[in-house]
Amino acid sequence: MSHQTQVVVIGGGQAGLAAGYHLRRLGLDFIILDAQTTPGGAWQHAWDSLRLFSPAAYSSLPGRLMPPQSGETYPDVQHVVEYLADYEKRYELPVERPVRVLGVHRDGQLLRVETDSGTWHARAAISATGSWWRPFLPAISSHAAFGGRQLHTVEYRSPADFAGQRVIVVGGGNSGAQIASDLAYDTRLTWVTQRPTRFLADDIDGRALFDAATARRRALDEGRTDTGGVASLGDIVAVPPVREARDCGLLKATPMFTRLLPEGVEWADGTRAGADTIIWCTGFRPALSHLAPLQLRGARGRITTAGTRALDEPRLHMLGYGDWTGPASATLIGVGRPARDAAREIAALLR
Ligand code: FAD
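I will try to describe carefully the structure that is included in this document. All values derive from a computational prediction rather than experimental measurement.

A few points about the sheet that holds strand β18 (residues 309-310)
Alright, step 1. Strand order across the open sheet formed by seven strands is β4-β3-β2-β8-β19-β18-β17, with mixed pairing between neighbours. This sheet does not close on itself; its edge strands, each paired only once, are β4 (95-96) and β17 (305-306).
Alright, step 2. Relative to strand β8 (residues 124-127), strand β2 (residues 7-10) runs parallel, the two sharing four bridges. Directly across from V7, in β8, lies its bridge partner A124.
Alright, step 3. Running over the sheet, helix α6 (residues 336-350) touches β2, β8, β18 and β19 (313-318) and is turned about 160° from β19.

With respect to the site of the ligand
Alright, step 1. Of all residues adjacent to the ligand, which total 30 residues, the nearest are D34, F53, V101, A330 and L332.
Alright, step 2. Within the side chain of W133, an N or O atom sits 3.0 Å from an oxygen atom of the ligand.
Alright, step 3. With respect to the ligand, the backbone of A330 contributes an N or O atom lying 3.1 Å from an oxygen atom.
Alright, step 4. Out of a free accessible area of 980 Å², the ligand has 89% covered by protein chains.
Alright, step 5. Of the residues in the shell around the ligand, the class split is 18 nonpolar, 10 polar and two charged.

A few points about the sheet that holds strand β6 (residues 110-115)
Alright, step 1. Strand order in the open sheet formed by four strands is β1-β7-β6-β5, and the pairing between neighbours is mixed. The open sheet terminates on both sides in strands that have one partner only, identified here as β1 (2-4) and β5 (101-107). Taking each pair of neighbouring strands and ignoring which way they run, the sheet shows an average axis angle of 20°.
Alright, step 2. Sheet topology places β5 next to β6; six bridges connect them, and they run antiparallel. Looking across to β6, one finds that V104 is bridged to V113.

Things to note about the environment of D205
Alright, step 1. By the element assignment, D205 lies in the loop between β11 (188-193) and α4 (206-221).
Alright, step 2. Residues D205 and A238, spaced 33 residues apart in sequence, show a C-alpha to C-alpha distance of 7.9 Å.
Alright, step 3. In contact with D205, not counting residues within four places along its chain, are F53, S54, P55, Y74 and V237.

As for the pairing of strand β7 (residues 118-122)
Alright, step 1. In terms of burial, β7 is a largely internal element, five of the five residues being buried.
Alright, step 2. In β7, alternate side chains face the same way, and those of G118, W120 and A122 on one face and T119 and H121 on the other are all buried.
Alright, step 3. Relative to β7, β1 runs parallel, the two being bridged by three bridges. In the sheet register, S2 faces β7, and the bridge partner there is T119.
Alright, step 4. Sheet topology note: the β6/β7 ladder contains five bridges and is antiparallel. Note that in β7 the partner of T115 across the bridge is G118.
Alright, step 5. Following β6, the chain reverses through two residues before pairing antiparallel with β7.

Reading guide: rules and limits
Per chain, residue numbering runs from 1 following the sequence as it is written. With the structure being a predicted model, the display of local features is reserved for residues of pLDDT at least 70 and the display and counting of side-chain atom pairs for 80 or more, all residues being used for whole-chain, interface and lining totals. The basis for every side-chain value is the complete set of heavy atoms in the structure, and neither hydrogens nor water enter the calculation. A pair of strands counts as paired when DSSP detects no fewer than two bridges linking them. Strands here are runs of E lasting at least two residues and helices are runs of H or I lasting at least four, both read from the DSSP assignment and numbered beginning at the N terminus. Should any heavy atoms of two residues lie within 4.5 Å, those residues are counted as being in contact. Note on definitions: angles span 0 to 180 degrees between N-to-C directions of axes, and those axes are lines fitted to C-alpha atoms, for helices only across the stretch in contact. If even one non-hydrogen atom of a residue comes within 4 Å of a molecule or strand, that residue is called near it. Identification of polar contacts relies on pairs of N or O atoms within 3.5 Å, with a donor-acceptor requirement for protein atoms, meaning one able to donate a hydrogen and the other able to accept it, and with residues adjacent in sequence counted only if both atoms are side-chain atoms. The accessible surface values rely on the Shrake-Rupley method and a 1.4 Å probe; as for residues, cover is taken only from the protein chains in view. Polar here means any residue outside two lists: the nonpolar Ala, Val, Leu, Ile, Met, Phe, Trp, Tyr, Cys and Pro, and the charged Asp, Glu, Lys and Arg; Gly therefore counts as polar. Throughout, exposure labels follow a simple rule: accessible area from a 1.4 Å probe, protein chains only, divided by the maximum for the residue type, with under 20% read as buried, over 50% as exposed, and the rest as partly exposed.

Pasting the structure below:
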(Lines give C-alpha, C1' and ligand atoms only; values in the text may rest on other atoms or scores of the structure.)
Protein backbone atom coordinates (compact mmCIF):
# COMPACT_ATOMS: atom_id res chain seq x y z
CA MET A 1 0.00 0.00 0.00
CA SER A 2 1.29 3.50 -0.81
CA HIS A 3 0.64 6.65 1.27
CA GLN A 4 1.51 10.32 0.89
CA THR A 5 2.21 12.91 3.60
CA GLN A 6 4.35 16.03 4.03
CA VAL A 7 6.68 14.65 6.71
CA VAL A 8 7.48 11.12 7.90
CA VAL A 9 8.94 10.86 11.42
CA ILE A 10 10.83 7.59 11.85
CA GLY A 11 10.68 6.40 15.47
CA GLY A 12 8.00 7.05 18.10
CA GLY A 13 10.14 7.35 21.24
CA GLN A 14 10.53 10.69 23.06
CA ALA A 15 12.42 12.31 20.14
CA GLY A 16 9.78 11.33 17.59
CA LEU A 17 7.00 12.58 19.86
CA ALA A 18 8.76 15.92 20.47
CA ALA A 19 9.08 16.29 16.69
CA GLY A 20 5.37 15.49 16.32
CA TYR A 21 4.44 18.14 18.90
CA HIS A 22 6.22 20.86 16.93
CA LEU A 23 5.10 19.65 13.48
CA ARG A 24 1.51 19.77 14.72
CA ARG A 25 1.94 23.32 16.08
CA LEU A 26 3.19 24.41 12.66
CA GLY A 27 0.18 22.83 10.98
CA LEU A 28 2.13 20.30 8.93
CA ASP A 29 0.73 16.99 7.75
CA PHE A 30 2.82 14.12 9.16
CA ILE A 31 2.93 10.54 10.34
CA ILE A 32 5.11 8.91 13.02
CA LEU A 33 6.18 5.34 12.23
CA ASP A 34 7.33 3.29 15.21
CA ALA A 35 8.65 -0.26 15.29
CA GLN A 36 7.40 -0.94 18.83
CA THR A 37 3.97 -2.40 19.54
CA THR A 38 3.31 0.00 22.45
CA PRO A 39 4.34 3.59 23.38
CA GLY A 40 7.49 4.42 25.33
CA GLY A 41 10.43 3.78 22.96
CA ALA A 42 13.51 2.28 24.60
CA TRP A 43 12.23 2.98 28.13
CA GLN A 44 9.98 -0.08 27.82
CA HIS A 45 13.05 -2.32 27.71
CA ALA A 46 15.26 -0.85 30.45
CA TRP A 47 16.18 -2.80 33.57
CA ASP A 48 13.76 -2.89 36.50
CA SER A 49 15.60 -0.61 38.96
CA LEU A 50 16.54 2.17 36.49
CA ARG A 51 15.61 5.66 37.68
CA LEU A 52 15.87 8.97 35.82
CA PHE A 53 18.87 11.05 36.80
CA SER A 54 16.70 14.18 37.11
CA PRO A 55 13.49 14.96 38.98
CA ALA A 56 10.31 14.71 36.88
CA ALA A 57 9.94 18.42 36.15
CA TYR A 58 13.42 18.42 34.58
CA SER A 59 12.65 15.40 32.41
CA SER A 60 9.85 16.90 30.36
CA LEU A 61 9.03 17.13 26.67
CA PRO A 62 7.73 20.37 25.16
CA GLY A 63 4.27 21.47 26.24
CA ARG A 64 3.67 19.17 29.19
CA LEU A 65 5.62 18.81 32.42
CA MET A 66 6.21 15.26 33.56
CA PRO A 67 4.10 14.89 36.73
CA PRO A 68 6.06 13.92 39.85
CA GLN A 69 5.95 10.24 40.80
CA SER A 70 4.41 9.74 44.20
CA GLY A 71 7.10 9.00 46.81
CA GLU A 72 10.01 9.21 44.32
CA THR A 73 12.27 12.17 43.54
CA TYR A 74 13.75 10.36 40.54
CA PRO A 75 10.98 8.66 38.55
CA ASP A 76 11.24 5.02 37.50
CA VAL A 77 10.99 3.76 33.92
CA GLN A 78 7.33 2.77 34.23
CA HIS A 79 6.52 6.37 35.10
CA VAL A 80 8.39 7.56 32.00
CA VAL A 81 6.56 5.06 29.77
CA GLU A 82 3.20 6.23 31.17
CA TYR A 83 4.18 9.87 30.61
CA LEU A 84 5.12 9.19 26.97
CA ALA A 85 1.93 7.18 26.36
CA ASP A 86 -0.13 10.02 27.84
CA TYR A 87 1.81 12.62 25.85
CA GLU A 88 1.07 11.10 22.47
CA LYS A 89 -2.61 10.67 23.38
CA ARG A 90 -2.98 14.20 24.75
CA TYR A 91 -1.57 15.78 21.58
CA GLU A 92 -3.30 13.24 19.32
CA LEU A 93 -0.03 12.43 17.62
CA PRO A 94 -0.55 10.15 14.61
CA VAL A 95 1.67 7.20 15.53
CA GLU A 96 1.45 3.99 13.47
CA ARG A 97 2.61 0.81 15.28
CA PRO A 98 4.20 -1.52 14.74
CA VAL A 99 5.78 -0.23 11.52
CA ARG A 100 9.46 -0.77 10.87
CA VAL A 101 11.15 1.50 8.35
CA LEU A 102 13.42 -0.57 6.16
CA GLY A 103 14.88 2.12 3.91
CA VAL A 104 14.64 5.79 2.97
CA HIS A 105 15.25 6.50 -0.74
CA ARG A 106 15.44 9.57 -2.96
CA ASP A 107 12.55 9.52 -5.40
CA GLY A 108 12.64 12.68 -7.52
CA GLN A 109 11.26 15.61 -5.50
CA LEU A 110 10.17 13.25 -2.71
CA LEU A 111 11.64 10.83 -0.20
CA ARG A 112 10.28 7.29 -0.44
CA VAL A 113 10.06 5.53 2.92
CA GLU A 114 9.83 1.77 2.56
CA THR A 115 8.44 -0.10 5.56
CA ASP A 116 7.37 -3.61 6.50
CA SER A 117 3.77 -2.47 6.01
CA GLY A 118 3.67 -0.19 3.00
CA THR A 119 5.40 2.78 1.40
CA TRP A 120 5.17 6.45 2.34
CA HIS A 121 6.14 9.31 0.03
CA ALA A 122 7.02 12.55 1.81
CA ARG A 123 8.68 15.88 1.17
CA ALA A 124 10.80 15.58 4.31
CA ALA A 125 11.71 13.08 7.01
CA ILE A 126 12.93 13.17 10.59
CA SER A 127 14.94 10.19 11.76
CA ALA A 128 14.48 9.64 15.52
CA THR A 129 15.33 5.97 15.97
CA GLY A 130 17.59 6.21 19.05
CA SER A 131 20.51 3.95 19.91
CA TRP A 132 19.13 1.21 22.19
CA TRP A 133 18.60 -0.98 19.14
CA ARG A 134 22.28 -1.06 18.22
CA PRO A 135 24.23 -2.24 21.25
CA PHE A 136 27.99 -1.96 20.93
CA LEU A 137 30.23 -4.87 21.97
CA PRO A 138 34.04 -4.63 21.94
CA ALA A 139 35.95 -7.10 19.75
CA ILE A 140 37.22 -9.05 22.77
CA SER A 141 33.66 -10.18 23.59
CA SER A 142 33.48 -12.23 20.40
CA HIS A 143 36.51 -14.39 21.24
CA ALA A 144 34.66 -17.62 21.72
CA ALA A 145 36.73 -18.98 24.62
CA PHE A 146 34.40 -17.98 27.50
CA GLY A 147 32.08 -20.81 28.56
CA GLY A 148 29.71 -18.74 30.72
CA ARG A 149 26.93 -16.38 29.74
CA GLN A 150 27.58 -13.04 28.06
CA LEU A 151 25.00 -10.30 27.73
CA HIS A 152 24.75 -6.61 26.92
CA THR A 153 23.05 -3.84 28.95
CA VAL A 154 19.96 -4.22 26.75
CA GLU A 155 19.40 -7.78 28.03
CA TYR A 156 19.88 -7.03 31.75
CA ARG A 157 16.74 -6.92 33.90
CA SER A 158 17.34 -7.59 37.59
CA PRO A 159 19.88 -8.93 40.13
CA ALA A 160 17.51 -11.81 40.92
CA ASP A 161 18.61 -13.44 37.64
CA PHE A 162 22.23 -13.64 38.90
CA ALA A 163 21.88 -14.26 42.65
CA GLY A 164 25.01 -15.88 44.10
CA GLN A 165 26.84 -15.87 40.74
CA ARG A 166 30.31 -14.56 39.94
CA VAL A 167 29.44 -11.64 37.67
CA ILE A 168 31.82 -9.35 35.79
CA VAL A 169 30.34 -6.01 34.75
CA VAL A 170 32.37 -4.22 32.07
CA GLY A 171 31.98 -0.48 31.55
CA GLY A 172 32.74 2.78 33.33
CA GLY A 173 29.76 4.81 32.12
CA ASN A 174 26.34 5.27 33.69
CA SER A 175 24.93 1.90 32.63
CA GLY A 176 27.99 0.05 33.96
CA ALA A 177 27.96 1.89 37.29
CA GLN A 178 24.22 1.49 37.77
CA ILE A 179 24.12 -2.20 36.86
CA ALA A 180 27.19 -2.86 39.03
CA SER A 181 25.42 -1.09 41.94
CA ASP A 182 22.33 -3.17 41.31
CA LEU A 183 24.36 -6.39 41.47
CA ALA A 184 26.71 -5.40 44.29
CA TYR A 185 24.62 -6.86 47.09
CA ASP A 186 23.52 -10.28 45.82
CA THR A 187 26.32 -11.44 43.53
CA ARG A 188 30.09 -11.86 43.69
CA LEU A 189 30.76 -8.78 41.61
CA THR A 190 33.85 -7.65 39.72
CA TRP A 191 33.43 -4.24 38.09
CA VAL A 192 35.88 -3.64 35.25
CA THR A 193 36.50 -0.29 33.56
CA GLN A 194 38.85 0.72 30.77
CA ARG A 195 39.81 4.01 32.46
CA PRO A 196 39.84 5.00 36.12
CA THR A 197 36.27 5.80 37.17
CA ARG A 198 35.19 9.44 37.23
CA PHE A 199 32.13 10.13 39.38
CA LEU A 200 30.41 13.47 38.94
CA ALA A 201 29.94 15.48 42.14
CA ASP A 202 27.02 14.09 44.15
CA ASP A 203 24.87 17.19 43.64
CA ILE A 204 25.09 17.09 39.82
CA ASP A 205 22.02 15.67 38.13
CA GLY A 206 20.40 15.94 34.70
CA ARG A 207 19.74 19.68 35.09
CA ALA A 208 23.44 20.49 35.43
CA LEU A 209 24.28 18.11 32.56
CA PHE A 210 21.82 19.90 30.30
CA ASP A 211 23.34 23.28 31.26
CA ALA A 212 26.87 21.98 30.59
CA ALA A 213 25.90 20.60 27.15
CA THR A 214 24.15 23.86 26.25
CA ALA A 215 27.08 26.03 27.40
CA ARG A 216 29.45 23.93 25.27
CA ARG A 217 27.28 24.25 22.15
CA ARG A 218 27.05 28.01 22.67
CA ALA A 219 30.82 28.34 23.11
CA LEU A 220 31.51 26.31 19.95
CA ASP A 221 28.90 28.23 17.93
CA GLU A 222 30.44 31.55 19.03
CA GLY A 223 33.98 30.41 18.23
CA ARG A 224 35.07 30.41 21.90
CA THR A 225 37.22 27.75 23.59
CA ASP A 226 35.57 24.32 23.94
CA THR A 227 34.27 24.06 27.53
CA GLY A 228 34.44 20.25 27.34
CA GLY A 229 30.71 19.97 28.11
CA VAL A 230 29.42 17.05 30.16
CA ALA A 231 32.59 14.99 29.62
CA SER A 232 34.60 17.60 31.51
CA LEU A 233 32.52 16.94 34.64
CA GLY A 234 32.98 13.16 34.77
CA ASP A 235 31.51 9.93 33.36
CA ILE A 236 29.15 8.68 36.06
CA VAL A 237 26.18 10.53 37.52
CA ALA A 238 26.13 9.68 41.23
CA VAL A 239 22.44 8.75 41.37
CA PRO A 240 21.32 7.56 44.83
CA PRO A 241 21.81 3.77 44.30
CA VAL A 242 25.30 4.36 42.83
CA ARG A 243 26.21 6.66 45.71
CA GLU A 244 24.97 4.11 48.23
CA ALA A 245 26.94 1.19 46.77
CA ARG A 246 30.05 3.38 46.37
CA ASP A 247 29.81 4.68 49.94
CA CYS A 248 29.44 1.10 51.26
CA GLY A 249 32.72 0.29 49.49
CA LEU A 250 30.99 -2.11 47.09
CA LEU A 251 31.79 -0.23 43.92
CA LYS A 252 35.53 -0.45 43.41
CA ALA A 253 36.59 -0.70 39.77
CA THR A 254 39.34 -2.98 38.41
CA PRO A 255 41.24 -2.22 35.16
CA MET A 256 40.19 -3.98 31.96
CA PHE A 257 41.23 -7.61 31.47
CA THR A 258 42.99 -8.66 28.28
CA ARG A 259 41.72 -12.17 27.57
CA LEU A 260 38.65 -14.37 27.93
CA LEU A 261 39.21 -17.90 29.24
CA PRO A 262 36.74 -20.81 29.29
CA GLU A 263 36.12 -20.25 33.00
CA GLY A 264 36.67 -16.49 33.36
CA VAL A 265 39.04 -13.69 32.39
CA GLU A 266 42.75 -12.90 32.57
CA TRP A 267 44.63 -9.62 33.07
CA ALA A 268 47.89 -8.68 31.34
CA ASP A 269 49.95 -9.67 34.42
CA GLY A 270 48.49 -13.20 34.40
CA THR A 271 45.97 -12.63 37.23
CA ARG A 272 42.77 -14.57 36.61
CA ALA A 273 39.18 -14.35 37.87
CA GLY A 274 36.45 -16.95 37.46
CA ALA A 275 33.07 -15.82 36.16
CA ASP A 276 29.64 -17.26 35.48
CA THR A 277 28.42 -14.20 33.61
CA ILE A 278 29.92 -11.16 31.88
CA ILE A 279 27.66 -8.15 31.35
CA TRP A 280 28.96 -5.77 28.67
CA CYS A 281 27.83 -2.24 29.52
CA THR A 282 29.82 -0.91 26.61
CA GLY A 283 27.41 1.50 25.02
CA PHE A 284 25.40 1.97 21.90
CA ARG A 285 25.64 3.35 18.38
CA PRO A 286 22.93 5.30 16.55
CA ALA A 287 20.45 2.97 14.81
CA LEU A 288 20.75 4.31 11.27
CA SER A 289 20.64 1.30 8.93
CA HIS A 290 17.34 2.52 7.40
CA LEU A 291 19.25 5.55 6.03
CA ALA A 292 21.86 3.45 4.18
CA PRO A 293 20.20 3.93 0.74
CA LEU A 294 20.85 7.69 1.03
CA GLN A 295 24.61 7.08 1.33
CA LEU A 296 25.17 9.93 3.79
CA ARG A 297 27.90 8.48 5.96
CA GLY A 298 31.15 10.41 5.86
CA ALA A 299 34.71 9.14 6.26
CA ARG A 300 34.28 8.47 10.00
CA GLY A 301 30.92 6.73 9.59
CA ARG A 302 29.01 9.79 10.79
CA ILE A 303 26.21 11.62 9.01
CA THR A 304 27.31 15.25 8.93
CA THR A 305 24.66 17.66 10.18
CA ALA A 306 24.11 21.39 10.52
CA GLY A 307 21.95 21.48 13.63
CA THR A 308 19.62 18.57 12.92
CA ARG A 309 19.68 18.80 9.11
CA ALA A 310 21.74 16.27 7.16
CA LEU A 311 24.18 18.33 5.13
CA ASP A 312 24.00 16.06 2.07
CA GLU A 313 20.22 15.59 2.15
CA PRO A 314 18.46 18.78 3.30
CA ARG A 315 15.05 17.03 3.39
CA LEU A 316 16.30 14.79 6.21
CA HIS A 317 16.70 15.77 9.89
CA MET A 318 18.32 13.69 12.64
CA LEU A 319 16.88 13.95 16.14
CA GLY A 320 18.02 12.45 19.46
CA TYR A 321 21.14 10.23 19.17
CA GLY A 322 23.63 12.58 20.90
CA ASP A 323 25.10 16.04 21.15
CA TRP A 324 25.89 16.06 17.40
CA THR A 325 22.16 16.64 16.75
CA GLY A 326 21.77 19.32 19.47
CA PRO A 327 23.01 19.78 23.05
CA ALA A 328 21.69 16.92 25.21
CA SER A 329 19.28 15.98 22.41
CA ALA A 330 19.35 12.34 23.54
CA THR A 331 17.64 13.35 26.80
CA LEU A 332 14.04 14.10 27.70
CA ILE A 333 14.71 17.71 28.63
CA GLY A 334 17.15 18.33 25.79
CA VAL A 335 15.24 17.06 22.77
CA GLY A 336 12.58 19.78 22.75
CA ARG A 337 14.71 22.55 21.32
CA PRO A 338 16.27 20.61 18.42
CA ALA A 339 12.80 19.15 17.67
CA ARG A 340 11.43 22.69 17.39
CA ASP A 341 14.32 23.77 15.15
CA ALA A 342 13.91 20.73 12.89
CA ALA A 343 10.16 21.34 12.52
CA ARG A 344 10.72 25.03 11.74
CA GLU A 345 13.37 24.28 9.12
CA ILE A 346 11.10 21.72 7.48
CA ALA A 347 8.18 24.18 7.46
CA ALA A 348 10.44 26.73 5.74
CA LEU A 349 11.60 24.14 3.20
CA LEU A 350 8.03 23.15 2.32
CA ARG A 351 6.83 26.74 1.96
P1 FAD B 1 14.25 5.59 21.65
O2 FAD B 1 13.62 5.70 22.97
O3 FAD B 1 15.17 4.45 21.39
O4 FAD B 1 13.07 5.58 20.59
C5 FAD B 1 13.31 5.28 19.24
C6 FAD B 1 12.08 4.58 18.68
O7 FAD B 1 12.33 4.36 17.29
C8 FAD B 1 11.84 3.23 19.31
O9 FAD B 1 10.48 3.10 19.64
C10 FAD B 1 12.27 2.24 18.23
O11 FAD B 1 11.56 1.05 18.23
C12 FAD B 1 11.96 3.03 16.98
N13 FAD B 1 12.73 2.60 15.81
C14 FAD B 1 14.04 2.27 15.75
N15 FAD B 1 14.36 1.92 14.49
C16 FAD B 1 13.22 2.02 13.76
C17 FAD B 1 12.90 1.80 12.40
N18 FAD B 1 13.82 1.39 11.52
N19 FAD B 1 11.62 1.99 11.99
C20 FAD B 1 10.67 2.42 12.86
N21 FAD B 1 10.93 2.65 14.17
C22 FAD B 1 12.18 2.46 14.61
N23 FAD B 1 17.69 10.51 29.39
C24 FAD B 1 17.17 11.37 30.30
O25 FAD B 1 16.66 12.42 29.94
N26 FAD B 1 17.20 11.06 31.64
C27 FAD B 1 17.72 9.89 32.09
O28 FAD B 1 17.73 9.66 33.29
C29 FAD B 1 18.25 8.95 31.13
N30 FAD B 1 18.72 7.76 31.52
C31 FAD B 1 19.15 6.85 30.59
C32 FAD B 1 19.59 5.60 30.99
C33 FAD B 1 20.01 4.65 30.06
C34 FAD B 1 20.47 3.30 30.51
C35 FAD B 1 20.01 4.97 28.69
C36 FAD B 1 20.47 3.98 27.66
C37 FAD B 1 19.58 6.23 28.28
C38 FAD B 1 19.15 7.18 29.21
N39 FAD B 1 18.69 8.44 28.81
C40 FAD B 1 18.22 9.32 29.76
C41 FAD B 1 18.84 8.87 27.41
C42 FAD B 1 17.56 8.92 26.57
O43 FAD B 1 16.56 9.71 27.18
C44 FAD B 1 16.97 7.56 26.20
O45 FAD B 1 17.96 6.79 25.57
C46 FAD B 1 15.77 7.67 25.25
O47 FAD B 1 15.19 6.41 25.12
C48 FAD B 1 16.12 8.23 23.86
O49 FAD B 1 14.91 8.51 23.18
P50 FAD B 1 14.79 8.44 21.60
O51 FAD B 1 13.40 8.80 21.25
O52 FAD B 1 15.90 9.21 20.99
O53 FAD B 1 15.08 6.89 21.25
